[in-house]
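# Coordinates in review
The residues making up each chain are set out below.
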Amino acid sequence: MKLLFFLLLVISLSGRAQTSDANAFLRYLMAKRFFDEAILEANRLTKHQPENDTTLFLLGLAHYEKKDLKWSLAAWDNIPPASPLFLQTQFLKGFSQTFLGHPNEGWEIFQRIVPHDSLSAALRTLEMAGVELLRHDFPAFHQQADGFGRISVLKKQEDNLMAYAGLLQKKRRKPWKAGVLQLALPGAGYYYAGYKGHAIYNLLLSTLLGLQAWEGYRKRGPESVRFIGYASAFAVLHIASVWGSTLAVKMRREEREKTIHDQILIDMHIPIRTVFR
Amino acid sequence: MIRYLLICIFLFALFSGNAQHRADSLFRAGDFGGAQLEYERLVFEGKPPVSLWLLRKAYSQKAQQQYEHALASLKRINLYEAPDSLTAKLFYETALLHYLNHQPDLALGVIQEWRYLHPAAFSSAGKVVEIFALAENQQWVEAKNAFDDWARSYAADGWVNPLAGVEKVRWKKRRTAETLSFLLPGSGQWYAGSPGRGVVSAGLNGGAVLFAIHQFSNGFFFAGAYTGVGLFYLFYWGGARYAVKLAELKNQRQQHELMQALHTAFRQKKE
């Protein structure tokens, strides 16, 4: 009878036995991409087991998926070096710091990584090369790039980084040059900056104002209100457009660099996910 | 033997009921995030009825105004396999959540499906959602008729249809406002219900034309062409665009007033 009682008790409690792995539910939430709930569950678990590295890792990963990278870093900081998840965490931390606009901190983290094998060594090289590109330190990038080509799985990203380096090292347009061109011919500065539509518009507007000023000068003389009004409008527009064309070059440059930097970050991110899938 | 069996049943009920009790308590305490997590745990643990936990999870998400997530939770329930007792609730919640998520067309689709598949389970609450969804979808006459249907079938006497006379509301046509503006600058704004702005627009256009004529007649051809005609061009096209915008705003104001009337009618009765 007692044996039967024991068996029935085991069966009745089997529902709870299924969840004996504390992180099983957390893993399920992550797999379902319920990141808010995963964060809640992980925070609850860390209260009871503050040193469970899997929980901490998944907590950081849930924040990472939500792009709350500061919280990811806070969670991952508590993972001890002895943990099997430590290597992956270090790569994710380095990338997160870089993504947050702290490439120096990211570089420091990547530099401290002790690779376990040739794949993690090649990944570390790729990540450090990416950071060097983001810092526009081209000699350091090429030094890292010497280590490219050892692992075929990273080849595409390595090639991309080489291409970005070429684009970033290309001769850059100069704001002062745009200003001088704009001063000489309205619209030319904008054309140089790459804003062709704006260049035509600027040339047209300046010509129209200039013609009206000339008309006022010819018919009413240099002291007429008409001439002074139109000439002033022309002068103000011209001076403003000279200044504007220098800013246009800077804006264009920043836009272009931002696009390339975003691409670099993507090419730094993809291999981390691939290697530690 | 029976005693041992009873002990087992008690223990099973205690452990399996605990999680549900925790989830329900959190919900009642207003900790909807916590409740949502606990209902998902019940789903994870496979405790039946899973459809009920998912429905309650959707309630928790709705309480946090996470309508899209709540809809995603409901989509995980197989409507055709859910117990009959839940069918009406599931259809109602899905329709309501679509309405709250600014998808009135989808809400109407769900209501149509509900009425077709389970006519007996179709409820007064479903009809109310239909009224609001039709109104949100700008099907005003249909909304008015749906309100009359609802009042006849479900409501007590004393209800006044807040959408009565809705067919007499004069909605402004964007195209008409634009065409009028092109034909006579300022008349588009007047049509859109802003006569003051119409007068200003007409004045600006007229002033630009007069300036151009004056300049031409005095031999200032560049000033006449570029300043006079240029300004007229800007006022003319800008005025037409503005008339369209004003017509849209006028329609939005009218829609808002009608929606407010509908909300007020239900709110006052509820109080």
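Residues numbered from 1 in each chain as written. Chains lettered and ligands numbered in written order. Predicted model: local features only at pLDDT ≥ 70, side-chain atom pairs only at ≥ 80, totals over all residues.

## A short note on the overall build of chain A
Going by this rule: Only DSSP runs of H or I reaching four residues or more are called helices, and only runs of E reaching two or more are called strands; each is numbered from the N terminus. Here the globule rule reads 2.2 Å times residues to the power 0.38, and the radius of gyration is calculated from C-alpha atoms. We call two residues in contact if the C-beta atoms placed from their backbones are at most 7 Å apart.
In terms of helices and strands, chain A carries 15 helices and 0 strands. Against the 2.2 N^0.38 benchmark of 19 Å for 277 residues, chain A shows a C-alpha radius of gyration of 31 Å, more extended than a compact globule. In chain A, of all internal contacts separated by at least 6 residues, the share reaching a separation of at least 24 is 53%.

## Considering the overall build of chain B
Our working definition: Any residue with 12 or fewer other C-beta atoms within 10 Å of its own C-beta is exposed, any with 20 or more is buried, and the rest are partly exposed; the C-beta atoms used are placed from the backbone.
Within chain B, the secondary structure is distributed over 12 helices and 0 strands. Its helices and strands taken in sequence order, chain B reads α-α-α-α-α-α-α-α-α-α-α-α from the N to the C terminus. Against the compact-globule benchmark of 18 Å for 271 residues, chain B has a radius of gyration of 30 Å, which places it well outside the compact range. Once the C-alpha set of chain B is aligned to its principal axes, its extents read approximately 120 × 45 × 35 Å. When the 271 residues of chain B are sorted by exposure, 34% land in the buried category. Within chain B, contacts between residues at least 6 apart in sequence are counted, and of these 49% link residues at least 24 apart.

## Re the packing of helix H5 (residues 53-65) of chain A against helix H6 (residues 69-76) of chain A
Residue and element names in this part refer to chain A. Where we set the bar: Lines fitted to C-alpha atoms define the axes, with helix axes restricted to the stretch in contact, and inter-axis angles between N-to-C directions lie between 0 and 180 degrees. The labels follow the angle: roughly parallel below 35 degrees, roughly antiparallel above 145, roughly perpendicular from 65 to 115, and oblique for the rest. Nonpolar residues are Ala, Val, Leu, Ile, Met, Phe, Trp, Tyr, Cys and Pro. Charged residues are Asp, Glu, Lys and Arg, and all others, Gly as well, are polar.
Between H5 and H6, the shortest axis-to-axis distance is 7 Å and the interhelical angle comes to 170 degrees. It follows that H5 is roughly antiparallel to H6 by the angle criterion. Between H5 and H6, the contacting residues are Leu 56, Leu 59, Gly 60, His 63 and Tyr 64 on the first element and Leu 69, Trp 71, Ser 72, Ala 75 and Trp 76 on the second. Residue composition of the contact of H5 with H6, grouped by class: 7 nonpolar, 3 polar and no charged.

## Some words on the nonpolar core
In plain terms, the rule: Nonpolar cores are built from buried Ala, Val, Leu, Ile, Met, Phe, Trp, Tyr and Cys residues. These are joined into a set through C-beta atoms within 7 Å.
In this structure, Leu 26, Ala 38, Ala 42, Leu 58, Ala 62 and Leu 133 of chain A are the most contacted members of the largest nonpolar core, which totals 44 residues. The element contributing the most residues to this core is helix H9 (residues 118-134) of chain A, with 8 residues. Other than its neighbours up to four places away in sequence, Ala 62 of chain A contacts Met 30, Phe 35, Ala 38, Ile 39 and Ala 42 of chain A. Leu 52, Ala 70, Leu 90 and Ala 135 of chain B belong to the second-largest nonpolar core, a separate cluster that totals 37 residues.

## Examining unusual backbone geometry
Geometrically, the link from Pro 48 of chain B to Pro 49 of chain B is a cis peptide bond, its omega value of 0 degrees lying close to zero. By secondary structure assignment, the location of Pro 49 of chain B is in the loop between helix H2 (32-44) and helix H3 (50-63). Even without glycine at this site, Arg 33 of chain A takes up a positive phi of about 65 degrees. On the secondary structure map, Arg 33 of chain A appears in the loop between helix H3 (24-31) and helix H4 (35-48).

## Let's talk about the environment of Gln 215 of chain B
Residues and elements named next belong to chain B. One can find Gln 215 in helix H11 (residues 195-217). Between the alpha carbons of Gln 215 and Thr 227 there is a distance of 9.3 Å; along the sequence they are 12 residues apart. Apart from the residues within four sequence positions on either side, Gln 215 is in contact with Phe 220, Ala 223, Gly 224 and Gly 228.

## What about the confidence of the model for chain A?
As a reminder of what qualifies: On a scale of 0 to 100, pLDDT captures the predictor's confidence in every residue.
Averaged over chain A, the pLDDT score is 88; the fraction of residues at 70 or greater is 93%. In the model, residues 3-20 of chain A has pLDDT below 50 throughout and makes 21 contacts with residues more than four positions away in sequence or in other chains.

## A few points about the environment of Ala 212 of chain B
Residue and element names in this part refer to chain B. Its place among the elements puts Ala 212 in helix H11. On the basis of neighbour counts, which here come to 21 C-beta atoms within 10 Å, the residue Ala 212 falls in the buried class. Sequence separation of Ala 212 and Val 160 is 52 residues, and the distance between their C-alpha atoms is 59 Å. With residues up to four places along the chain from it excluded, the contact list for Ala 212 reads Gly 224, Gly 228, Val 229 and Phe 232.

## What to know about the packing of helix H11 (residues 155-169) of chain A against helix H15 (residues 225-275) of chain A
All names here are of chain A. The test is simple: In this scheme the crossing of two helices becomes right-handed for a clockwise turn of the near helix relative to the far one and left-handed for an anticlockwise turn of less than a right angle.
Running from N to C, H11 and H15 cross one another at 165 degrees; their axes reach a closest spacing of 10 Å. It follows from the interaxial angle that H11 and H15 lie roughly antiparallel. Both H11 and H15 take part in a crossing whose hand is left-handed. Between H11 and H15, the contacting residues are Gln 157, Asn 160, Leu 161, Tyr 164, Leu 167 and Leu 168 on the first element and Ile 260, Gln 263, Ile 264, Asp 267, Ile 270 and Pro 271 on the second. For the contact of H11 with H15, the class distribution of residues is 8 nonpolar, 3 polar and 1 charged.

## What about helix H9 (residues 174-183) of chain B?
All names here are of chain B. Here is the rule: It is the directions from the helix axis to the C-beta atoms whose arc is reported.
What H9 keeps buried is the set Ala 177, Glu 178, Leu 180 and Ser 181. Projected onto a plane normal to the axis of H9, the buried residues spread over an arc of 165 degrees and lie on a single side. For H9, the exposed residues set more than 90 degrees away from the buried face come down to Arg 175 and Leu 183.

## As for the confidence of the model for chain B
All names here are of chain B. Looking at chain B, the pLDDT average stands at 88 and 93% of residues meet or exceed 70. Scored below 50 in pLDDT, residues 8-15 makes 10 contacts in the model with residues more than four places away or belonging to other chains. For this predicted complex, the interface confidence comes out at an ipTM of 0.74, alongside a pTM of 0.76.

## Considering the environment of Gln 64 of chain B
Residue and element names in this part refer to chain B. Looking at the secondary structure, you find Gln 64 in the loop between H3 and helix H4 (67-75). Under the C-beta neighbour-count criterion, Gln 64 is labelled partly exposed, with 14 such atoms within 10 Å. Separated by 31 residues in the primary sequence, Gln 64 and Gly 33 place their C-alpha atoms 7.8 Å from one another. Not counting residues within four places of it along the chain, the set of residues in contact with Gln 64 comprises Phe 32 and Gly 33.

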